[in-house]
Amino acid sequence: MNDLATRASPARPGALRRAAPALLGYAAVRALGLLVLVLWSEARGKSAYTLLTARWDALWYTRVAELGYGYEVRLPNGDVHSNLAFFPLLPWLERLVAAVSPLSYADAGFVVALLASLAAAWGIFAVADHVYGRRAGVYAVLLWAVLPVGIVQSMAYSESLFTALAAWSLYAVLTGRWVAAGVLAGLAGLTRPVGLAVVAAVWAAGAAAFLRERAGPGHGSGRGGTPFVRVRSTAPADGARTGERAGVPASARRVPDPDGAGPAPGAPGDRLRRILGMLLAPLGAAGYVLWVGHRTGDGPLGYLEVQAGWRNGFDGGYAFARFIAGRFTSFPSALAGLALILGVALLVWLCVVCVRQRQPLPLLVYAGVVTALALCASSYFGSKPRLLLPAFPLLLPLALVLARKRPPRPALVVGAVAAVSAAYGAFWLNGSGPP
């Protein structure tokens, strides 16, 4: 099967039917969040739609879509906020939708975000279903939907678009569709700076595949010879693929991929596609960063100068640690500091569990890079939960726990968390600062 056919295969009717419970559940959670936001905003005399489409970063994206790059704001303290900090794919899509419809750029951003969030939910389901089975896939999507900052998925921001591209790129890697993985990684790199995480995942998986080839048959990348890049296997003994129960897949005998993932790893055609995918992956991010450097006259590091104007950079987490320590200067704020410490500890624990459960290498690399970039950024501490939104592989251990429970307990847990998340999202979005 050629690569074009494999790229089209995730959209076949059978795949959509398999993902339907996850997508319907996701839509229900997001509808609840939007309803609570509307009621909360009306009570405060605000417009929920304006909060979703015409504040904070959404304004910067629509301004790029309408006027292009070159706009900047000079603050009294000397900082320069340039719209060159915002990657171009979302504004391009906003401009496209506005050009072919009567929608404004802000309306177009909202439409793109809604469609992208559904695509992201489907991609998360596809990844989790491929690795752990259908039930785990459904709960992975629901957990992503009920995150406290899940309301951002419905905003005219780039998180949903990026997560969709990242999830489908990772799925393409896991199923051996290297060219599709590279193209999607390149598009992710045109969406957000954290697109580097998708590039790193593609490269890590490609390098692991080359090392396995050199080691010869029978040499896996983990215990028991389990490969990091999996071809679909037979149903594991715990029944994860039959929908009865989800668990860590057994090291079952591998068979040809029923979805047509291409030739077996190591075949000449597969090796060429892998090389091509790895070459395509960084083109989006590298192209935009180099263009910004050329436009500003600051060379290859010009984009870093643009980010410095926003007081944003990478300091290994030092500034964030100081921010947390500063919360302990008084009793009320000390509770917030304690919550931040517990949140970071939870992230570290989830990373450890993902490694112990032997998630495929590209998922580990992707989630690790997203988490590191979010926690180690030197500014916008209130936005860190939003920056962690694309790190969906960290939710897979929790999805497995829910998938192993008998109904209706998991549904009750998800429903309760969805209600709390909807209320928190409405409260958060009606606050004074940007999410």
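Peer 1: Hey, could you run me through the overall build of the chain in this one?
Peer 2: Summing up its helical and strand segments, the chain has 19 helices and two strands in all. With 435 residues in all, the chain has 51% of them scored as buried. A separation threshold of at least 6 residues defines the contact pool for the chain, and within that pool the share at least 24 residues apart is 76%. For the chain, the accessible area works out to roughly 19300 Å², and carbon and sulfur atoms hold 68% of it.

Peer 1: What exactly am I supposed to notice about the pattern of salt bridges here?
Peer 2: Where side chains of opposite charge bring their charged atoms close, a pairing between them can arise. Under the criterion given, the structure shown has nine salt bridges. One salt bridge in this structure joins Glu-213 and Arg-271, with 3.1 Å as the shortest N-O distance. Taken together, the residues span a long stretch of sequence, with Glu-213 in helix 10 (residues 195–215) and Arg-271 in helix 11 (residues 268–280) at a distance of 58 residues. Residues participating in the shared-partner salt-bridge network are Asp-57, Glu-159, Arg-192 and Arg-386.

Peer 1: How should the layout of surface pockets be read in this particular structure?
Peer 2: Using a probe with the size of a water molecule, rolled over the atoms, empty space left in the structure can be pinpointed. One number sums up the size of the largest pocket: a volume of about 1400 Å³. Examining the composition of the lining of the largest pocket, we find that nine residues originate from one element, helix 15 (residues 331–356), more than from any other. For the second largest pocket, the calculated volume is near 1100 Å³. Along its surface, the second largest pocket is lined by 38 residues, and Arg-192, Pro-193, Tyr-303, Gln-307 and Asn-312 are the ones closest to its centre. In the lining of the second largest pocket, the residues fall into 29 nonpolar, six polar and three charged.

Peer 1: In this structure, what is going on with unusual backbone geometry? I would like to understand it.
Peer 2: What you tend to see is this: most non-glycine residues have negative phi, and most peptide bonds are trans. For the peptide bond that leads from Pro-407 to Pro-408, omega is 5 degrees, which places it in the cis range. With respect to the helices and strands, Pro-408 occurs in the loop between helix 18 (396–404) and helix 19 (409–429). Positive phi is not limited to glycine here, since Trp-56 has a value of about 55 degrees. Among the secondary structure elements, Trp-56 is positioned in the loop between helix 3 (48–53) and helix 4 (57–67). Here Trp-56 falls in the buried class, since its relative accessible area comes to 15%.

Peer 1: In this structure, what is going on with the packing of aromatic side chains? I would like to understand it.
Peer 2: The full count for this structure, using the stated rule, is 18 aromatic pairs. An aromatic cluster is built from Trp-60, Tyr-61, Tyr-71, Phe-86 and Trp-310, whose rings are joined through pairwise contacts. When the ring centre of Tyr-71 is taken as reference, the NZ or CZ atom of Arg-63 above it lies at 4.3 Å. Sitting above the plane of the Phe-323 ring, Arg-327 keeps its charged end 4.4 Å from the centroid.

Peer 1: Help me out: how do you make sense of the packing of helix 8 (residues 159–174) against helix 9 (residues 178–189) in this one?
Peer 2: The description of two helices packed together rests on the angle between their axes and the distance between the axes. Close contact between helix 8 and helix 9 brings their axes to 8 Å; oriented N to C, the two are set at 160 degrees. One finds that helix 8 runs roughly antiparallel with respect to helix 9. Between helix 8 and helix 9 the crossing geometry is left-handed. Along the contact surface, helix 8 presents Phe-162, Leu-165, Trp-168, Ser-169, Ala-172 and Val-173, while helix 9 presents Trp-178, Ala-180, Ala-181, Leu-184, Ala-185, Leu-187 and Ala-188. Considering only residue class, the contact of helix 8 with helix 9 consists of 12 nonpolar, one polar and no charged.

Peer 1: For this particular structure, what's the right way to read a nonpolar patch on the surface?
Peer 2: Residues Phe-328, Leu-338, Ile-341 and Leu-342 make up a contiguous nonpolar surface patch of roughly 380 Å² in combined accessible area. Look at Leu-342 and you get exposed, because its relative accessible area is 55%.

Peer 1: Please clarify how the confidence of the model for the chain should be interpreted in this entry.
Peer 2: A low pLDDT means the predicted coordinates there should not be read in detail. With 85% of its residues at a pLDDT of at least 70, the chain reaches an overall mean of 86. Between residues 1–11, whose pLDDT stays under 50, and residues either more than four places distant or in other chains, the model counts 19 contacts.

Peer 1: Whenever I open this one, the nonpolar core confuses me. Can you help?
Peer 2: Soluble globular proteins tend to bury their nonpolar side chains together. Core analysis: the largest hydrophobic core is formed by 113 residues, its most contacted members being Leu-37, Trp-144, Tyr-288, Tyr-366, Phe-392 and Leu-429. What Phe-392 contacts, discounting residues up to four positions off in sequence, is Ile-124, Val-127, Trp-144, Thr-163, Ala-167, Leu-170 and Tyr-366.

Peer 1: I'm lost on the side chain of Arg-135 in this one. Help?
Peer 2: Tracing the backbone through its elements, the reader meets Arg-135 in helix 7 (residues 134–145). Since its relative accessible area comes to 19%, Arg-135 is described here as buried. Engagement of the side chain of Arg-135 in a polar contact is seen with the backbone oxygen of Ala-403, the distance being 2.9 Å.

Peer 1: Looking at this structure, how should I read the packing of helix 6 (residues 105–132) against helix 7?
Peer 2: Between helix 6 and helix 7, the shortest axis-to-axis distance is 7 Å and the interhelical angle comes to 145 degrees. Like other packed secondary-structure pairs, helix 6 and helix 7 cross with a definite hand, here right-handed. Between helix 6, through Ser-117, Ala-120, Ala-121, Ile-124, Phe-125, Ala-128, Asp-129 and Tyr-132, and helix 7, the contact on the second element is made entirely by Arg-134, Ala-136, Gly-137, Val-138, Ala-140, Val-141 and Trp-144. In terms of residue class, the contact of helix 6 with helix 7 is made up of 11 nonpolar, two polar and two charged.

Peer 1: I keep staring at the environment of Ala-319 and nothing clicks. Help me out?
Peer 2: Among the secondary structure elements, Ala-319 is positioned in helix 14 (residues 318–326). As for Ala-319 and Phe-381, which are separated by 62 residues in sequence, their C-alpha atoms are 9.0 Å apart. Filtering out sequence-adjacent residues up to four positions away, Ala-319 remains in contact with Ser-378 and Phe-381.

Peer 1: Just to check I follow, could you spell out the side chain of Asp-57 for this structure?
Peer 2: As for its placement among the helices and strands, Asp-57 is situated in helix 4. Asp-57 gets classed as buried once you look at its relative accessible area, which sits at 17%. Not counting residues within four places of it along the chain, the set of residues in contact with Asp-57 comprises Phe-86, Tyr-157 and Arg-386.

The rules behind each value
- Residues numbered from 1 in each chain as written.
- Predicted model: local features only at pLDDT ≥ 70, side-chain atom pairs only at ≥ 80, totals over all residues.
- Heavy atoms only, no water.
- Helix = DSSP H or I, 4+ residues; strand = E, 2+ residues; numbered from the N terminus.
- Buried < 20%, exposed > 50% of the residue type's maximum accessible area, 1.4 Å probe, protein only.
- Contact = heavy atoms within 4.5 Å.
- Areas by Shrake-Rupley, 256 points an atom, 1.4 Å probe, with all protein chains shown as cover.
- Salt bridge = Lys/Arg side-chain N within 4 Å of Asp/Glu carboxyl O.
- 1 Å grid on protein atoms, 1.4 Å probe; cavity = no way out; pocket = protein on both sides within 12 Å on 5 of 7 lines; lining within 4 Å.
- Points joined across faces, edges and corners; volume = space filled by probe spheres on them.
- Nonpolar A, V, L, I, M, F, W, Y, C, P; charged D, E, K, R; others polar.
- Phe/Tyr/Trp six-rings, centres within 6.5 Å; stacked < 30°, edge-to-face > 60°.
- Lys NZ or Arg CZ within 6 Å of the ring centre and 35° of its normal.
- Axes fitted to C-alpha atoms, helices over the stretch in contact; angles between N-to-C directions.
- Parallel < 35°, antiparallel > 145°, perpendicular 65-115°, else oblique.
- Left-handed = near helix turned anticlockwise from the far one by under 90°.
- Patch = residues over 30% accessible without salt bridge, like charges linked within 9 Å, V, L, I, M, F, W, Y side chains within 5 Å.
- pLDDT = per-residue confidence, 0-100.
- Core = buried A, V, L, I, M, F, W, Y, C linked by side-chain atoms within 4.5 Å.
- Polar contact = N/O pair within 3.5 Å; in protein donor to acceptor, adjacent residues only side chain to side chain.

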